[in-house]
Amino acid sequence: EETFQEEFFGSGRRALHIEKEHYMAEGKLYIIGVGPGDPELLTIKASRCMEMCDVLYHDASISEEILCFAPEGTEKIPLSDEGDGETISFEDVKAVIDSVKAGKKVGVLLEGDPFIFGTGAEVARKAVSAGLKFELVPGITSASAAPIRG
């Protein structure tokens, strides 16, 4: 049972405090496209979301140059290489869901724009099924980046 404390201020304003031991941090999942591999093509939104995460699950091919956008102390876990590159293993999905349910801010970093070939959509469907709060962060596709990379 939660306990509440109210404090009243002038003009009828009040603050409601929940006792700390009864408060559980709310986790959130960020499904982040990191673009074609060039850290200069990482979107500002992707880098900001990475900065907020406690844990980052990532494609094994994502470079340290991109992973370094996460603050020191962020746990970085490579996704297993199982499957065809368009799916994520059951074990990885379970680990992601468990981390979010434990109250952590979790990022799943996927190459390119993960909503083009379905990996990001697959993770989003599983997040919906698990009742998780999540945010989709598309990345620059390799096709869009090819002309500028010369």
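Quick notes on the rules
Note that residues are indexed from 1 along each chain, following the sequence as it is written. The predicted origin of the model limits local features to residues at a pLDDT of at least 70 and limits the giving and counting of side-chain atom pairs to 80 or more, whereas totals for whole chains, interfaces and linings rest on all residues. Remark: hydrogens and water are excluded; side-chain values derive from all non-hydrogen atoms of the structure. We call a residue buried when its accessible area falls under 20% of the maximum for its residue type, exposed when it is over 50%, and partly exposed in between, using a 1.4 Å probe and counting protein chains only. Think of it this way: any DSSP run of H or I at least four residues long counts as a helix, any run of E at least two long counts as a strand, and we number them from the N terminus. The arc refers to the directions leading from the helix axis to the C-beta atoms. For this analysis, residues touch if any pair of their heavy atoms sits within 4.5 Å. Note on definitions: salt bridges are taken to be side-chain nitrogens of Lys or Arg within 4 Å of carboxyl oxygens of Asp or Glu.

Colleague: Looking at this model, I keep getting lost on helix 1 (residues 44-52). Mind explaining?
Modeller: The periodicity of an α-helix, 3.6 residues per turn, causes residues three or four places apart in sequence to face the same way. Along helix 1, the positions that sit buried rather than exposed are A46, S47, C49 and M50. Burial along helix 1 is one-sided: seen end-on, the buried residues are contained in an arc of 160°. Residues I44 and R48 are exposed on helix 1 and point more than 90 degrees away from its buried face. Close packing links the buried residues of helix 1 with strand 3 (28-33), strand 4 (55-58), helix 2 (64-67), strand 6 (105-110) and strand 7 (134-137).

Colleague: What is the right way to read the pattern of salt bridges from this model?
Modeller: Side chains carrying opposite charge are able to pair once their charged atoms draw close together. In the structure shown here, the tally under the stated rule is six salt bridges. Residue E135 pairs with K45 through a salt bridge whose shortest N-O separation is 2.6 Å. Residue E135 is found in strand 7, and its partner K45 is found in helix 1; the two are separated by 90 residues along the sequence. A relative accessible area of 43% places K45 in the partly exposed class. Two residues, D98 and K94, come together in a salt bridge whose shortest N-O distance is 2.8 Å. Of this pair, D98 and K94 both sit in helix 3 (residues 90-101), four residues apart, which is roughly one turn of the helix. The network of salt bridges with common partners includes K28, K45 and E135.

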